[in-house]
Amino acid sequence: MRKFAIGAAVSGALALSALAVPSASAATPDLTFSNVVVNNGKAIVVGTTSTVKVPITYTLTHPVDLVLDNKTGIAGIALYRGSSLSKMQNEMESDDIPNCTTTSTTATTVTNSCTEVIAIEPQDYFFGASDAGTWKVAGFYGLSTSTTDDSGNHISVNYGYDMWGGLGTTQIKRAAKLTTDATPEPVKKGKTLTVKGALTRADWETTKYSGYAGQPVALQFKAKGATAYKTVKTVTSGSKGALTTTVKASADGSYRYSFAGTTTTGAATATGDYVDVK
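Residues numbered from 1 in each chain as written. Predicted model: local features only at pLDDT ≥ 70, side-chain atom pairs only at ≥ 80, totals over all residues. Heavy atoms only, no water.

Novice: For this particular structure, what's the right way to read the overall build of the protein chain?
Specialist: Helix and strand content of the protein chain: two helices and 19 strands. Taking 278 residues into account, the globule formula puts the C-alpha radius of gyration at 19 Å, and the protein chain, at 26 Å, lies well above it. Taking all 278 residues of the protein chain together, 42% fall into the buried category. Within the protein chain, residue pairs in contact and separated by at least 24 positions form 69% of the contacts whose partners lie at least 6 positions apart. Element-wise, carbon and sulfur atoms account for 50% of the exposed surface of the protein chain, whose accessible area totals about 14100 Å². Averaging the locations of the 25 positively and 21 negatively charged side chains of the protein chain gives two centres separated by 21 Å. (Helix = DSSP H or I, 4+ residues; strand = E, 2+ residues; numbered from the N terminus. Rg over C-alpha atoms; globule rule 2.2 N^0.38 Å. Buried < 20%, exposed > 50% of the residue type's maximum accessible area, 1.4 Å probe, protein only. Contact = heavy atoms within 4.5 Å. Areas by Shrake-Rupley, 256 points an atom, 1.4 Å probe, with all protein chains shown as cover. Lys, Arg positive; Asp, Glu negative; His and termini not counted. Charge placed at Lys NZ, Arg CZ, Asp CG, Glu CD.)

Next comes the structure, spelled out in structure tokens:
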């Protein structure tokens, strides 16, 4: 669901901006967005209900006479999915105004170091599985001039919006979950242990987690007293993400499943299940 940042930053008359026709006389400002870093360079992993706050840092250079007061004029970063700016399939911006500090000025330009946060609410922003994958980064500028005192039975709202793409990409992934259950417990040394579990991932349409089949998942073991897990074997998730395999019980320790993730799904590691070997 698209949210225009300027609509969140400006109240009153700007709430009518969706009804306004952009001013034909408004010139495109000369803005430069650079050094954009989304989510500290890491993939954005989103579950089904919790809000995920994505920090963004960037450098913004604009003409010295351009007003960016976050009331009539605002600039910021947007994330979008689609082949081009004119063919967006989804888009998101921050609901809050950016925090910018001037780092240098010339006779004609001002350069700012800026930060902002896009708060992603999965039920508001995502339509389905197609929203997982590569999103593009753009900069935007919004302008609104208005007269809304209504003293002469007349109001006027002029709204302009510019966008610049090509600022980079970021990955948005569906959150994953893993479980592990080793039985029987306790077990005699040399006997067979059955290790079951399930790999599931966020379904943004149903707001639940559904099975993720056909994925390689590592079964790992950490012996009692050891500091790290070691991979024992790789198991492929079956129907509804089910995992099951067997191992010979050799020593006390914990078993767990671990999933490395894919281009559309985040990594996940189950809590270890401790087994007492007699």
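That was the structure; now back to the text.
Novice: What is the right way to read the nonpolar core from this model?
Specialist: Across soluble globular proteins, nonpolar side chains have a tendency to be buried as a group. Counting residues in each nonpolar core, the largest one holds 28 residues, and the members touching the most others are I44, M92, I120 and F126. When residues of this core are traced back to their parent elements, those giving at least two are strand 1 (32–38), strand 2 (44–46), strand 3 (52–63), strand 4 (73–82), strand 7 (109–120) and strand 8 (133–147). When residues in this core are grouped by element, the largest group, five residues, is from strand 3. When neighbours within four sequence positions are excluded, M92 is seen to be in contact with A78, L79, I118, I120, Y125, F126, W135 and I172. Counting residues in hydrophobic clusters, the runner-up holds 22 residues, among them V195, Y255, A270 and V277. (Core = buried A, V, L, I, M, F, W, Y, C linked by side-chain atoms within 4.5 Å.)

Novice: Just checking my understanding: could you explain the sheet that holds strand 1 for this structure?
Specialist: Whenever strands of a sheet pair, they do so through backbone hydrogen bonds, lying parallel or antiparallel. If you trace the four strands from one edge of the open sheet to the other, you get 1-3-7-6, paired in antiparallel fashion. In this open sheet, the two strands that pair with only one neighbour each are strand 1 and strand 6 (99–105). Neighbour to neighbour, the strand axes of the sheet diverge by 20° on average, direction disregarded. Pairing of strand 1 with strand 3, which is carried by five bridges, proceeds in the antiparallel orientation. Paired with V37 across the strands is T57, a residue of strand 3. (Pairing = 2+ DSSP bridges. Axes fitted to C-alpha atoms, helices over the stretch in contact; angles between N-to-C directions.)

Novice: When you look at the environment of P29 in this model, what are you seeing that I'm missing?
Specialist: Looking at the element boundaries, P29 is found in the loop between helix 1 (5–9) and strand 1. Exposure remark for P29: the relative accessible area of 11% places this residue in the buried category. Through-space distance from the C-alpha of P29 to that of H154 is 29 Å; in sequence the pair is 125 residues apart. With near-sequence residues (within four places) excluded, P29 lies in contact with L66, Y141, D162 and W164.

Novice: Explain the state of the cysteines to me, please; I cannot follow it from the model alone.
Specialist: Throughout this description, disulfide means a covalent bond between two cysteine sulfur atoms. Applying the stated criterion to the full structure yields one disulfide. The disulfide that involves C100 links it to C114, with 2.1 Å between the sulfurs. Handedness of the C100-C114 disulfide follows from its S-S torsion of about 115°: it is right-handed. A residue pair is termed long-range when its members are at least 10 positions apart, and C100 in strand 6 and C114 in strand 7 qualify at 14 residues. Accessibility expressed as a relative area gives 1% for C114, which makes it buried. (Disulfide = S-S within 2.5 Å.)

Novice: What is the right way to look at the side chain of S258 in this model?
Specialist: Examined against the element boundaries, S258 turns out to sit in strand 17 (residues 253–259). The class for S258 is buried, based on a relative accessible area of 16%. One polar contact links S258 to T269, side chain to side chain, over a distance of 3.3 Å. Other than its neighbours up to four places away in sequence, S258 contacts L178, V217, A218, Q220, A268 and T269. (Polar contact = N/O pair within 3.5 Å; in protein donor to acceptor, adjacent residues only side chain to side chain.)

Novice: Any chance you could explain the packing of aromatic side chains here in plain terms?
Specialist: We describe a pair of aromatic rings using the distance from one ring centre to the other and the angle between the two ring planes. Under the counting rule described, the total for this entry stands at seven aromatic pairs. Note on F33 and Y58: the rings are 6.1 Å apart at their centroids and 45° apart in plane angle, and the pair reads as tilted. One end of the pair, F33, is in strand 1; the other, Y58, is in strand 3, and 25 residues separate them in sequence. Here F33 and Y58 have matching classes, each one buried. Centroid distance F140 to Y161: 5.7 Å. Interplanar angle 15°. Geometry classified as stacked. Here Y161 lies in strand 9 (residues 156–164) and F140 lies in strand 8, a separation of 21 residues in the sequence. Overall, the relative accessible area of 2% leaves F140 in the buried class. Taken together, the aromatic side chains of F33, Y58 and W164 make up a single cluster linked through ring pairs. (Phe/Tyr/Trp six-rings, centres within 6.5 Å; stacked < 30°, edge-to-face > 60°.)

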